[in-house]
Each structure stands twice: as C-alpha cells, then as structure tokens.
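# Coordinate analysis (summary)
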Amino acid sequence: MRPSEEYRSPSEQEWEEFLGHFERRKVALGDCGRAYGTTCIHEHSCIRCPLLRADPVQRPRLVDIRDNLIARIVEAEREGWGGEAEGLKVSLAAANAKLAQLDNLLTRRSTAVNLGMPTFADIATGTTTAATDPRQL
C-alpha cells in the first residue's frame, strides 16, 4: 500500500547522514535524545537539556560540574554579577536534577525484586469434574 519510492535504497550521502546522526548524539555526559534530522536547539547546553540521558559512568564528572557551578555562583554573587548568578543557578538546578536521575537509575538497577514462584493453587481458578453423562458434555 506504500509508495514504491519509500522502498528504494538510500544514496551513499543519505546513508552517511543517517549514520552520522547517531555519532553526533554522543556527548561528553551521555547520549542526546533529539530526533533524527533535528539540530541542537539548546546550543549544546547539555546540562540544561531534558533530552540528555546521562551515562552512569559520567557521574563523577557531573559532580565536578555541579561543584564548579557552585563556586562560580559564589564568585558571581561576590562580584555583583546578578544575571550571571541567575543563569548559573538554572544550570545548577539542572545538574542536581541529572544527578538525582542517575541516583534513581542506579538504585533501581541494584534493587532486586522477588516476583515469587507461582504455585498451582495460585494459577487454578477452580476445579472441574469430568462429566459421566454424555448429555452434560
């Protein structure tokens, strides 16, 4: 039912562009979840971006970024740079949220859930008896 043009083999350029998209999704802190064919609308401000899926291995780096943001906020407030301090506070809130997401993910991965082993009594909804009279069948 679909047009036959949709089933053609992609050109070499189209294929390279498609594969390149997945390479460009890799960022320092993890993977970007933006859709194929879209550009980064956040100007690579990944720490603030809700599409960043942080890699648990990068947690120490994220902690360093958070600590650096705290130090920069203190400096901005000391120097009277109100606008800079406000922008850094937005980034700090985002960094804390990313750390919370990672901690939640790591907690879920390390917590085993016992689903139990069902018994026949749990599965059976009732008992049936064999009919001896052919009219009961």
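An account of the accompanying structure is given in this report. (Residues numbered from 1 in each chain as written. Predicted model: local features only at pLDDT ≥ 70, side-chain atom pairs only at ≥ 80, totals over all residues. Heavy atoms only, no water.)

### Some thoughts on the environment of Leu-69
The residue Leu-69 is located in helix α2 (residues 59-79) in this model. Exposure remark for Leu-69: the relative accessible area of 6% places this residue in the buried category. Ignoring any residue separated from it by four or fewer positions in sequence, one finds Leu-69 in contact with Leu-88, Ser-91, Leu-92 and Ala-95. (Helix = DSSP H or I, 4+ residues; strand = E, 2+ residues; numbered from the N terminus. Buried < 20%, exposed > 50% of the residue type's maximum accessible area, 1.4 Å probe, protein only. Contact = heavy atoms within 4.5 Å.)

### Overview of the side chain of Lys-98
Mapped onto the secondary structure, Lys-98 falls in helix α3 (residues 82-110). Buried Lys-98, no salt bridge; nearest opposite-charge side chain is Asp-31, N-O distance 12 Å. Beyond its immediate chain neighbours, meaning those up to four positions away, Lys-98 contacts Cys-46, Ile-47, Cys-49, Pro-50, Leu-52 and Leu-62. (Lys, Arg positive; Asp, Glu negative; His and termini not counted. Salt bridge = Lys/Arg side-chain N within 4 Å of Asp/Glu carboxyl O.)

### Side note on the sheet that holds strand β1 (residues 26-27)
Taken together, the three strands give an open sheet; going across it, the order is β1-β2-β3, and neighbouring strands pair in antiparallel fashion. If you trace the sheet from one side to the other, it starts and ends with β1 and β3 (52-54), each paired once. By the bridge criterion, three bridges tie strand β2 (residues 30-32) to β3 in an arrangement that is antiparallel. Bridge assignment links Gly-30 to a residue of β3, and that residue is Ala-54. (Pairing = 2+ DSSP bridges.)

### Looking at the nonpolar core
Ranked by internal contacts, the top residues of the largest apolar core, which has 15 residues, are Leu-29, Ile-47, Leu-62, Leu-69 and Leu-88. Sorting the residues of this core by element identifies β3, α2 and α3 as the ones contributing at least two each. For this core, the element with the most residues is α3, which contributes six residues. (Core = buried A, V, L, I, M, F, W, Y, C linked by side-chain atoms within 4.5 Å.)

### Topic: the side chain of Ser-91
With respect to the helices and strands, Ser-91 occurs in helix α3. Among the polar contacts made by the side chain of Ser-91, one reaches the side chain of Arg-48 at a distance of 2.8 Å. (Polar contact = N/O pair within 3.5 Å; in protein donor to acceptor, adjacent residues only side chain to side chain.)

### As for the pattern of salt bridges
Within the structure shown, the criterion is met by six salt bridges. A salt bridge links Arg-66 to Asp-67; the shortest N-O distance between them is 3.2 Å. Asp-67 gets classed as partly exposed once you look at its relative accessible area, which sits at 38%. We note a salt bridge from Arg-78 to Glu-79, for which the minimum N-O separation is 3.6 Å.

### Here we look at α2
Helical periodicity: at 3.6 residues per turn, an α-helix aligns residues three or four positions apart in one direction. The terminal C-alpha atoms of α2, which comprises 21 residues, lie 30 Å apart, in line with the 30 Å expected from a rise of 1.5 Å per residue. Turning to α2, its buried residues are Leu-62, Val-63, Leu-69, Ile-73 and Ala-76. Along the axis of α2, the buried residues cluster in a sector spanning 145°; they form a single face. Exposed positions of α2 whose direction lies more than 90 degrees from the buried face are Pro-60, Asp-64 and Arg-78. Count one or two residues on from α2 and you reach Gly-80, which has phi positive near 80°. (Expected span 1.5 Å × (residues − 1). Arc of directions from axis to C-beta.)

### A few points about a nonpolar patch on the surface
Together, Trp-15, Phe-18, Leu-19 and Tyr-36 make up an exposed nonpolar region whose accessible area comes to about 360 Å². Residue position: Phe-18 is located in helix α1 (residues 12-24). (Patch = residues over 30% accessible without salt bridge, like charges linked within 9 Å, V, L, I, M, F, W, Y side chains within 5 Å. Areas by Shrake-Rupley, 256 points an atom, 1.4 Å probe, with all protein chains shown as cover.)

### Re the environment of Gly-33
Mapped onto the elements, Gly-33 comes out in the loop between β2 and β3. Distance in space between the C-alpha atoms of Gly-33 and Leu-52 is 6.2 Å, their sequence separation being 19 residues. Excluding residues within four positions of it along the chain, Gly-33 makes contact with Arg-25, Leu-51 and Arg-53.

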